[in-house]
Amino acid sequence: MKKKAFVLLWLSAFLLLAGCQNAQVNQPDIPLTEAARQAMADPDAYIPYTADDLYDMIGISPDDYTEAVFFKDKDTLSGREIILVRGKDAQSIPGITKALEQYLSQRKEETRNYLPNAYRLLCDAAVQASGLTVSLIIQ
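Because the structure is predicted, anything quoted here is derived from the model rather than measured.

**Let's talk about the sheet that holds strand S5 (residues 133-138)**
Strand order in the open sheet made by the five strands is S1-S2-S3-S5-S4, with antiparallel pairing throughout. Looking at which strands have only one partner, the edges of the open sheet turn out to be strand S1 (46-49) and strand S4 (127-130). With direction set aside, neighbouring strand axes in the sheet form an average angle of 15°. In this sheet, strand S3 (residues 81-87) lies alongside strand S2 (residues 65-73) in antiparallel orientation, the contact comprising seven bridges. Among the inter-strand pairings, phenylalanine 71 is bridged to a residue of S3, identified as isoleucine 82. Across the sheet, helix H3 (residues 51-58) touches S1, S2 and S3, and the angle it forms with S2 is around 80°.

See below:
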């Protein structure tokens, strides 16, 4: 549990720093796939989902982002997911954030009475935006 908290704290700090970069500093952003894998307690336990899945399940259009990753635990009843989206521009961030918040709310409703462990994980999760990156990490 402490390792998960440390990784989530590290990822949050990374996203914050990546969003606050000075435009004059030429530092390449870490690929979102790598950031997601670093946040995973057990990378082999996750299944990657596609851009089509991100659109069909959450409503985030490929037109709104430059990069996105969507992973779910192989045990779909666990509730563990990692979704990271790098928006195309500042105007796309509110829509991406709203879609992820609605998705999180929907997942809470689906699990409230049937999957108490997953529901607890979902209640502890929050959508976070930093710069052009929006994340939902449910661990």
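Structure's up, so let's keep going.
**Thoughts on the pairing of S4**
Both S4 and S5 contribute to a ladder of four bridges, which runs antiparallel. Its bridge partner lying in S5, alanine 129 is registered against valine 134. Joining the antiparallel neighbours S4 and S5 is a turn of two residues, in which glycine 131 adopts a positive phi near 65°.

**Description of the confidence of the model for the chain**
Averaged over the chain, the pLDDT score is 84; the fraction of residues at 70 or greater is 80%. Mean pLDDT across the elements of the chain bottoms out in helix H1 (residues 2-19) (42) and peaks in helix H4 (residues 93-111) (98). Note on residues 1-28: pLDDT under 50 across the span, and 23 contacts to partners over four residues away in sequence or across chains.

**Some points on the packing of aromatic side chains**
Centre-to-centre distance and the angle between the planes together describe a pair of aromatic rings. In this structure the tally under the stated criterion is one aromatic pair. With a centroid separation of 5.0 Å and 40° between ring planes, the pair formed by tyrosine 49 and phenylalanine 70 is classed as tilted. Residue tyrosine 49 is found in strand S1, and its partner phenylalanine 70 is found in strand S2; the two are separated by 21 residues along the sequence. We classify tyrosine 49 as partly exposed; its relative accessible area is 23%. Residue classification places phenylalanine 70 among the buried positions, given a relative accessible area of 2%.

**Comments concerning the pattern of salt bridges**
Per the stated rule, a full pass over the model turns up six salt bridges. Arginine 86 is paired through a salt bridge with glutamate 67; the nearest N and O atoms lie 2.8 Å apart. Here glutamate 67 lies in strand S2 and arginine 86 lies in strand S3, a separation of 19 residues in the sequence. Residue classification places arginine 86 among the buried positions, given a relative accessible area of 10%.

**Some remarks on the nonpolar core**
Core analysis: the biggest nonpolar cluster contains 19 residues, and Leu54, Ile58, Ile60, Ile83, Val85, Leu100 and Leu136 have the highest contact counts within it. Taken together, the elements giving at least two residues each to this core come down to H3, S2, S3, H4 and S5. With six residues, H4 is the single largest residue contributor to this core. When residues no more than four places from it in sequence are discounted, the contact partners of leucine 136 are Glu81, Ile82, Ile83, Leu100, Tyr103, Leu104, Ala125, Ala126 and Val127. Within the second largest apolar cluster, 13 residues are counted, among which are Leu32, Met40, Ala45 and Ile137.

Reading the values: the criteria
Residues numbered from 1 in each chain as written. Predicted model: local features only at pLDDT ≥ 70, side-chain atom pairs only at ≥ 80, totals over all residues. Heavy atoms only, no water. Pairing = 2+ DSSP bridges. Helix = DSSP H or I, 4+ residues; strand = E, 2+ residues; numbered from the N terminus. Axes fitted to C-alpha atoms, helices over the stretch in contact; angles between N-to-C directions. Contact = heavy atoms within 4.5 Å. pLDDT = per-residue confidence, 0-100. Phe/Tyr/Trp six-rings, centres within 6.5 Å; stacked < 30°, edge-to-face > 60°. Buried < 20%, exposed > 50% of the residue type's maximum accessible area, 1.4 Å probe, protein only. Salt bridge = Lys/Arg side-chain N within 4 Å of Asp/Glu carboxyl O. Core = buried A, V, L, I, M, F, W, Y, C linked by side-chain atoms within 4.5 Å.

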